[in-house]
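Summary of the model geometry
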Amino acid sequence: QVQLVESGGGLVQPGDSLRLSCAASGRPIRAYVMAWFRQAPGKEREFVAAITWSGGSTNYAASVKGRFTISRDNAKNTVYLQMNSLKPEDTAVYSCALDRTLFRPVTPTVPGDYAHWGQGTQVTVSS
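Residues numbered from 1 in each chain as written. Predicted model: local features only at pLDDT ≥ 70, side-chain atom pairs only at ≥ 80, totals over all residues. Heavy atoms only, no water.

Next up on the list: the overall build of the chain. A count of helical and extended segments in the chain gives zero helices and 11 strands. From first element to last, N terminus to C terminus, the chain shows the α and β order β-β-β-β-β-β-β-β-β-β-β. The C-alpha atoms of the chain give 14 Å as radius of gyration, which agrees with the globular expectation for 127 residues (14 Å, within 12%). C-alpha atoms of the chain, sized along the principal axes, occupy 40 × 30 × 25 Å. In the chain, which comprises 127 residues, the proportion classed as buried is 43%. Residue pairs at least 24 apart in sequence account for 60% of intrachain contacts in the chain once pairs closer than 6 positions are excluded. (Helix = DSSP H or I, 4+ residues; strand = E, 2+ residues; numbered from the N terminus. Rg over C-alpha atoms; globule rule 2.2 N^0.38 Å. Buried < 20%, exposed > 50% of the residue type's maximum accessible area, 1.4 Å probe, protein only. Contact = heavy atoms within 4.5 Å.)

And the structure:
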């Protein structure tokens, strides 16, 4: 019933920026932690960033801290990931996820803590 659709990916050069969007439908996201994960070919899915239902707290992987910013607009039922100073190592399929529990006060970092996933959007950073 709930659907998550990512957009905004593309091919960019090192140092460029991209803004990813995750549009939700079928269920309001205002009561849920939301997160971004990424998966490169031959690699396991890894945590990127998460934001609490209120937007009052965020959590970032060490590899993206200071470069990426997660935000949400509950009125638009959308979550964003602003990615600056992109590196080739950031190349991956980026997916958004909705948690399993209403009003969770923490930001989980493992995929098993999230119940619904989008199809993903490809981000390629290459010179």
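From this point, the discussion proceeds with the structure in view.
With that out of the way, let us pick up the nonpolar core. Of all hydrophobic cores here, the largest spans 37 residues; its most connected members are Trp36, Leu81, Met83 and Tyr94. Of all the secondary-structure elements, those providing two or more residues to this core are β3 (18–25), β4 (34–39), β5 (46–51), β7 (68–73), β8 (78–83), β9 (92–99) and β11 (121–125). If we skip the residues at most four places from it in the chain, Leu81 touches Leu18, Arg19, Leu20, Trp36, Val48, Ala49, Phe68, Thr69, Ile70 and Tyr94. (Core = buried A, V, L, I, M, F, W, Y, C linked by side-chain atoms within 4.5 Å.)

Further remarks concern the state of the cysteines. Across all of its chains, the model carries one disulfide by this definition. Disulfide pairing places Cys22 opposite Cys96 at an S-S distance of 1.9 Å. Handedness of the Cys22-Cys96 disulfide follows from its S-S torsion of about 55°: it is right-handed. You can see Cys22 sitting in strand β3 and its partner Cys96 sitting in strand β9, a full 74 residues away along the chain. In this structure, Cys22 and Cys96 share a single accessibility class: buried. (Disulfide = S-S within 2.5 Å.)

For the rest of this paragraph, the subject is the pattern of salt bridges. As enumerated under the stated definition, the model contains four salt bridges in all. A salt bridge links Asp90 to Arg38, with the nearest nitrogen and oxygen atoms 2.9 Å apart. Here Asp90 is found in the loop between β8 and β9, whereas its partner Arg38 is found in strand β4, with 52 residues between them in sequence. Of the two residues, Asp90 and Arg38, neither departs from the other in class, the shared state being buried. When the shortest N-O distance is used, the salt bridge between Asp99 and Arg104 registers 3.7 Å. With respect to class, Asp99 is no different from Arg104; both count as buried. Taken together, the salt bridges that share partners define one network made up of Arg38, Glu46, Arg67 and Asp90. (Salt bridge = Lys/Arg side-chain N within 4 Å of Asp/Glu carboxyl O.)

Moving on, we come to a nonpolar patch on the surface. There is a patch of nonpolar side chains on the surface, built from Trp53, Leu102 and Phe103 and spanning about 300 Å² of accessible area. For Leu102, the position within the fold is in the loop between β9 and β10 (114–117). (Patch = residues over 30% accessible without salt bridge, like charges linked within 9 Å, V, L, I, M, F, W, Y side chains within 5 Å. Areas by Shrake-Rupley, 256 points an atom, 1.4 Å probe, with all protein chains shown as cover.)

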